[in-house]
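# Breakdown of the fold
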Amino acid sequence: MRKQFSLWKGLSLFATTALLGMVWWSSQLVEKELKLLRTDLEELKNEGLYRAAPVAFQAPETKPLTRPHIDPKYPNLLEEDPFYAHTLPSLVGNRTPKGIRKEALIGRPEHLHPFNNFRDVSNMTSMCVGTVAQLKVGKYETMAPDLAIKLEARPHKSEPTTVEYWVHLRENLFWAPLSKSHFPSNFELAPHFAKRHSVTAHDFKFYYDAVMNPSVCEPKAASLRSYFSDIEEFEVIDDLTFVVRWKVHYEDGEAKIKYSALNLTGSLQPLPCFVFQYLADGAKILDEDGASDTYRTNSVWAQNFAHHWAKNVIPSCGPYLFDGMDEEGISFKRNPHFYNPYAVLVEGVHFAFKESFDAVWQDFKAGNLDLCHLAPNQLLELESFLKSREYRLQAENGMKIESIDYLDRCFYYLGWNLSTDFFNSARVRQAMTMAIDRERIIHQNLNEMAVSITGPFFRFSPSYDPQVNEWPYNPLEARRILEQEGWMDLDGDGIRDRMINGKKVPFRFRLCYFVKSLSAKVIAEYIATSLKEIGIDCQIYGLDITDLSRQFDDKTFDAIFMGWKLGTPPDDPRQIWHSAGAKEKGSSNAIGFANPKIDAIIESLNYEPSPADRKKLYHQFHQIIRDEAPYTFLYTPKVRLLYRERLKNVFIPRDRPDLIPAADIPEPNLEVTYLES
Amino acid sequence: MSHYFVRRLFLLPVTLFAIILVNFVILNLVPGDPVNMADRSNTGDITRNADSEGNMEENHHLQFREHYGLTLPILFNNWPSITYENLNEALEQLLTKQKSGKELSVQDYHSLRTHWGDRARYIMPLLLQEAENQSLSFSRRQLAANLFIRGGTQMGYVGPTLSAKQKQQNREIARSNHQLAKNRVSDWDSVELLDQKVSELAFWFRERGGVEAFTKKGGLKAKAFLFETRFARYLSRVVLLDFGTLRNDSNKTVISEVAKRIKYSLTLAVIPMLITFCLCQVFGMIMAVKQNGWPDVSLNILFLVLFAVPIFVVAPFLIEKIALHHTFPFTKIPIPYSGFHSSSAIYDKLTSGQRLMDTLRHLLLPLIAIMYGTLAIQARLSRTAFLEVLRQDWVRTAHAKGLPFLTVLIKHVGRNGAITIVTALATSLGVILGGSLIVETVFEINGFGRFFYEAILNRDYNVVLFSAFAGSLITLVGYIVADLAYTILDPRVSFS
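This section reports on the structure supplied with the text. (Residues numbered from 1 in each chain as written. Chains lettered and ligands numbered in written order. Predicted model: local features only at pLDDT ≥ 70, side-chain atom pairs only at ≥ 80, totals over all residues. Heavy atoms only, no water.)

### Re the overall build of chain B
The cut-off we apply is this: Strands here are runs of E lasting at least two residues and helices are runs of H or I lasting at least four, both read from the DSSP assignment and numbered beginning at the N terminus. Only protein chains enter the accessibility calculation, which uses a 1.4 Å probe; a residue whose area is less than 20% of its type maximum is buried, one above 50% is exposed, and one in between is partly exposed. By definition, residues are in contact when any of their heavy atoms lie within 4.5 Å. Accessible surface area values rest on a Shrake-Rupley calculation with a 1.4 Å probe, where residue burial reflects the displayed protein chains alone. Charge counting follows a simple rule: Lys and Arg are positive, Asp and Glu are negative, and His as well as the terminal groups are ignored. Charge positions are represented by NZ for Lys, CZ for Arg, CG for Asp and CD for Glu.
From N to C terminus, chain B includes 22 helices and four strands. In chain B, buried positions account for 45% of the 496 residues. In chain B, the proportion of contacts linking residues at least 24 apart, taken out of those at least 6 apart, comes to 71%. Within the structure as shown, chain B displays about 25,300 Å² of accessible surface, and the carbon and sulfur contribution to it stands at 64%. Of the charged side chains in chain B, 51 are positive and 40 negative, and the gap between their average positions amounts to 10 Å.

### Focus on the pattern of salt bridges
Residue and element names in this part refer to chain A. Note the following rule: Any carboxyl oxygen of Asp or Glu that lies within 4 Å of a side-chain nitrogen of Lys or Arg is treated as forming a salt bridge with it.
Tallying each qualifying case throughout the model produces 51 salt bridges over all chains. Among the ionic pairs, E483 bridges to R496, the shortest N-O distance being 3.3 Å. Taken together, the residues E483 in helix α15 (residues 475-484) and R496 in the loop between α15 and β19 (497-500) connect sequence positions 13 residues apart. Residue R496 is classed as buried on the basis of its relative accessible area, which comes to 7%. The structure contains a network of salt bridges with shared partners spanning K157, E164, E233, E235 and R245.

### Quick word on the pairing of strand β20 (residues 503-506) of chain A
All names here are of chain A. How we decide: Strand pairing follows a simple DSSP-based rule, namely that at least 2 bridges must link the two strands.
When β19 meets β20, the two strands line up antiparallel, connected through four bridges. Each bridged residue has a counterpart across the sheet, and for M499 the counterpart in β20 is K504. Hairpin connection between β19 and β20: a loop of two residues separates the two successive antiparallel strands, and N501 in this loop has a positive phi of roughly 50 degrees.

### What about the sheet that holds strand β9 (residues 241-246) of chain A?
Sheets are built from strands paired through backbone hydrogen bonds, the pairs being either parallel or antiparallel. Residues and elements named next belong to chain A. For clarity, the threshold we go by: For every element, the axis is a line fit to its C-alpha atoms; helices are fit only across the contacting stretch, and the angle between N-to-C directions ranges from 0 to 180 degrees.
Strand order in the open sheet made by the four strands is β4-β5-β9-β8, with antiparallel pairing throughout. Since the sheet does not close on itself, it has two edges, and those belong to β4 (148-155) and β8 (231-238), each with one partner. Along the sheet, successive strands turn relative to each other by an average axial angle of 20 degrees, direction set aside. Summarising the sheet, β4 and strand β5 (residues 163-169) pair through seven bridges and their orientation is antiparallel. Paired with L151 across the two strands is V167, which belongs to β5. Contacting β5, β8 and β9, helix α4 (residues 201-212) crosses the sheet at an angle of about 160 degrees to β8.

### Concerning the interface of chain B and chain A
This is how the line gets drawn: Each of two parts loses accessible area, computed with a 1.4 Å probe, when they are put together; buried area is these two losses added. Pairs of N or O atoms within 3.5 Å make up the polar contacts considered here, provided that, within protein, one atom can donate a hydrogen while the other can accept it, and that residues adjacent in sequence are counted only when both atoms are side-chain atoms.
Counting residues at the interface gives 78 residues for chain B and 90 residues for chain A. Buried area between chain B and chain A, both sides added, is near 7,700 Å², and the carbon and sulfur share of it is 48%. The interface formed by chain B and chain A contains four salt bridges. Measuring nitrogen to oxygen at the nearest pair gives 3.4 Å for the salt bridge that ties B:E444 to A:K354. For the pair chain B and chain A, the number of links is seven residue pairs in polar contact (both at pLDDT 80 or more). Per-element tally for the side of chain B that touches chain A: the top contributor is helix α7 (residues 164-181) of chain B, with seven residues.

### Focus: the packing of aromatic side chains
Put simply, the rule is: Note on aromatic contacts: the rings of Phe and Tyr and the six-membered ring of Trp form a pair at centre separations within 6.5 Å, being stacked when their planes are under 30 degrees apart, edge-to-face when over 60 apart, and tilted otherwise. We count a charge as sitting over a ring when the NZ of a lysine or the CZ of an arginine lies within 6 Å of the ring centre and within 35 degrees of the ring normal.
Applying the stated rule across the entire model yields 67 aromatic pairs over all chains. Where B:F451 meets B:F452, the ring centres are 5.4 Å apart and the plane angle is 45 degrees; that geometry is what we call tilted. Residue B:F451 is classed as buried on the basis of its relative accessible area, which comes to 9%. Residue class for B:F452 comes out buried when judged on its relative accessible area of 9%. A connected cluster of aromatic rings, assembled from ring pairs, spans A:F115, A:F206, A:Y207, A:F228, A:W246, A:F276, A:Y295, A:W301 and A:F305. For the cation-ring pair, A:R644 lies above A:F364, with the distance from its terminal atom to the ring centre recorded as 4.8 Å. If you follow B:R119 out to its NZ or CZ, it ends over the ring of B:W116, 4.7 Å from the centre.

### Section: helix α20 (residues 611-628) of chain A
Residues and elements named next belong to chain A. Worth spelling out the cut-off: Multiply 1.5 Å by the residue count of a helix minus one, and that product is the helix's expected span.
Between its first and last C-alpha, α20 extends 26 Å over 18 residues, near the 26 Å set by a 1.5 Å rise per residue. Looking at the buried residues of α20, the elements they touch are α18 (574-577), α19 (596-607) and β24 (631-644). Residue A629 follows α20 closely and has a positive phi angle near 45 degrees.

### Quick word on the sheet that holds strand β13 (residues 329-334) of chain A
Residue and element names in this part refer to chain A. Pairing is mixed in the open sheet, where four strands are placed in the order β1-β14-β13-β12. Two strands bound the open sheet, and with one partner strand each, they are β1 (100-106) and β12 (320-325). Going across the sheet, the axis of each strand differs from the next one's by a mean of 20 degrees, ignoring polarity. Summarising the sheet, β12 and β13 pair through four bridges and their orientation is antiparallel. Counterpart to L321 in the pairing with β13 is K333.

### What about the nonpolar core?
Residue and element names in this part refer to chain A. Test applied: Nonpolar cores are built from buried Ala, Val, Leu, Ile, Met, Phe, Trp, Tyr and Cys residues. Side-chain atoms within 4.5 Å join them into one set.
In terms of nonpolar packing, the biggest core is built from 93 residues, with F228, F242, W301, W309 and F332 touching the most fellow members. Sort the elements by how many residues they give to this core and α4 lands first, with eight residues. Dropping the residues within four chain positions of it, F228 is found in contact with Y207, Y208, V211, M212, W246, L264 and L268.

### Brief notes about the packing of helix α5 (residues 124-132) of chain B against helix α6 (residues 138-152) of chain B
Residue and element names in this part refer to chain B. Counted only if it meets this: Throughout, the term roughly parallel applies to angles under 35 degrees, roughly antiparallel to angles over 145, roughly perpendicular to angles from 65 to 115, and oblique to all others. Left-handed describes a crossing in which the near helix is turned anticlockwise from the far one by less than a right angle; the clockwise case is right-handed. All residues other than Ala, Val, Leu, Ile, Met, Phe, Trp, Tyr, Cys, Pro, Asp, Glu, Lys and Arg, Gly among them, are scored as polar; the first ten of these are nonpolar and the last four charged.
Where α5 meets α6, the closest approach of the two axes is 8 Å, and the angle between their N-to-C directions is 150 degrees. With respect to α6, the axis of α5 lies roughly antiparallel. Note on packing geometry: the crossing formed by α5 with α6 is left-handed. Between α5 and α6, the residues in contact are M124, L127, L128, E130, A131 and E132 and R140, R141, A144, A145, L147, F148, G151 and G152, respectively. Counted by class, the contact of α5 with α6 contains eight nonpolar, two polar and four charged residues.

### Structural notes on the packing of α5(B) against helix α8 (residues 191-207) of chain B
All names here are of chain B. One can describe the packing of α5 onto α8 by two numbers: an axis separation of 10 Å at closest approach and a directional angle of 155 degrees. Considered as vectors, α5 and α8 are oriented roughly antiparallel to each other. Considering the relative orientation of α5 and α8, their crossing is left-handed. The segment α5 lies against α8, with M124, P125, L128, A131 and E132 engaging V198, L201, A202, W204 and F205. Grouping the constituent residues of the contact of α5 with α8 by class yields nine nonpolar, no polar and one charged.

### Considerations on unusual backbone geometry
Residue and element names in this part refer to chain A. The peptide bond linking P569 to P570 adopts the cis configuration, its omega dihedral lying at 5 degrees. Among the structural elements, P570 can be located in the loop between β23 (559-565) and α18. Phi is positive for A662, close to 60 degrees, though the residue is something other than glycine. As for its placement among the helices and strands, A662 is situated in the loop between β25 (647-648) and β26 (674-675).

Written out as structure tokens, the structure reads:
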């Protein structure tokens, strides 16, 4: 009886504890919900009536450009993009923006600081913050209005034979209020941030000041500083007008500003003063900031900026509004008040953070993602999935997989460290290139998902010269060159040697590659085998991302297998190839390449305005790099973009002259896609 | 016995101090600076940006290094004792980029320069003297002047809760830094401009007290020797239980981030521990009672196989073959394969009961993946323990006096056999913090394992040091608990 009693007592004690636990948990959840509700209500109250979203796309209003500082005498350098004005409206018709486009990112961004250099973060920032001008859809080196409505080239204040740029901003552009829900729960956000603020010329000036502040150490700011250091003066005329005066240089007695000045002026973006000049409690970081150069010089502000409390949100004024980031992913919603209603055709975008490409692929197969980029070694897996029962069921339910192939804007290479005894001779580097069968790599290791290249520009950029001959695959010739260069097998061990400073040095070097990439591993193994055949001992050395980056920055590698992600034209080869970075730690010229002819071409490209002459210079550049062979250019990968059939309007501009006449961009633009149910 | 435990508790901080010291020194000796990281492409390869990467400027990571105290020596600071001869040798090496007749590599040159940049604040009078010496070459004076500027550059106070005095100091620091920065000597400056800049630097120097103010002597030197070091700075924070913030988000403290993940790691450590304990008792007993019979042999073989299969094979197998495209039996609920619960968008809309079920569903596969290995080991361990107990005289006596078979097994054999397992479990408390890296990675659960692993990869020093500290603390406490458990379970054990 006593036993039975204690058993019941024990059980009821357990049940009561469990019940109390559940009640406590539920009350916590209710409290959390209530807090969220209160935050939402506060936001609604602050935003007032302008929160209402339009139900369908509407054509943007066009008003004549009349404002006090706009001078009709000067033509507008920004041209309307006919794709947004006519083509896209006719393609989407009267649809309402709907659905969340779901994508995945490999890895999680460290933070969302405006000067974070990671490509994904840069892309996200540009989704939420516009620039003065934007490229026309599908076309290189064009300028269409974005946050500015007019860009004028007026005579330069100090040298009237050249020009300065007057930027006239769009009216009614606003920074969306910051939401408390985007911060940790114990974080107090002052009411100042819960109101919307206008985007003004001061925000652009603030961006420029932040870039130019020598104490701002974020990598993107440091890289932009080298370009913007050529700005002589940044003058704010009024809230909607500012002037960018570039330094005048005298070339052959002629006054010139740099060729890149116009594009760089167009790429200026605003940095919200209402956030980054303030502390979270609504007080200013600097009490006294009246001087025009305060933010360009103050080191204490720069320090606060590096550790800013808003470093993990993106203050937004562009086509998308930042909608929160957690451990699982990051969300953006369409900005219903953005001037161009066709800029975003979905309700929002969600990027899930995934650990590996395999995790992305699993999620795509399960139907949790709308699109996925397929790695070459996954082609077989795709094939077998397409034949599976699960896929047949998905296809019957409107989840068919479509695909589109395009060239990725990057190239992969073997970089030879020119400061080593092995690779300081161009002939040896040529021999290395000839010993590696690049076509075989594309055919066998990459399943034909790549194209071969001969130089450092994107295959479809006008800078790339298709006439430049590829180094042939010729191991016999490679052997002959190595012998001419003094690399011979002196001790019969199968490895070539050379006497350097009286010492016998075997041709044995380490090739560093990214250990987590399957294709890099098999390619590195193939290269080691190929080089073994010509008597070179290439030891492959797989490293994780941090250690590989360190080898690159410190220039401590012998040879490295990596890729360069390229931008859109005009190409600027200075960063990788100019001799100024050859001996600098952390420079992109990691191999230590220095060539006076190349330096001269880079300098000429600074000022040459004629497209034909620029093209000639780029082609010369390409030819010299090919002959010097500082890299063995391996391939530009093809990307297979897989997407579910509900994603519509996926196309490659270059292949659709009917939509965009004379388009030259060979990658699909996901911002013109929309979702169907 | 209480003396024994008081002594153990007293030794705890001493042991912890030694552990922190060793960890701190090791972490600081590990090579590595912050680097320009490469990006991963959509298909998992890595590339760097050809159009937006800057060269590392001289003081590129200065703020980062100052913030973490990396500009100071590790344990002892003898920099105030640097002589002119030391400086002279270093300046020569920096100018010629050569050491003992051999050219310095880019890496060595850069670290030498950073090293002397950090020392500069202790040798400012010497540096100014060099910069002012007009008989020296332009580049040597330029180098000395720029090192002087580096030495004089100070960091301000960051954050919202600053006192009026700190704000005033910030204004002064900003003014002083600006004054120094505009006198930085560049390669294309003329000698006259150099003279002018150096005289402004000298004015700055005198304004702040000159040689007297910038030279450490006697007591100040001794104080600097012990306290102006990385370790002293770190320890002074740890004593106040301030473990700092995450490297990438100063809104988040290390403690709050650890607290956020504790539910994941506790669930993944404690639940499997409890289930394993119960199951291994049952299996161990079956195997012991039926020793050499078919249940014993077949379970033995099964556990041997389970023990042999590595977790990185089992986890993807579970996802690919069990979860993907399959539902729970007799339901239409798909078997989840990632995360601790459904995505926030779905999870936030569930009631608390539904949330519990959702979490349990998500936990099924990770728990199997974590448990199967330990179950295999512990079951075989408990088999041995039970076999030993079953052979004892008092078990035979219990049978002989007519007690039911199950009562003997549970009350007499079970309790005594459990001692081995319980003490083994108590000492493995540290596992909670270690997390299960592979399971957390494969099933995308954001627990301690991944948190600490990523911290190591990202060089998040605060988190790494905290993990070492907390791991040591928990393990030490675990040992004390194990000692206590011994005395409770076995009255014969005494520490007096």
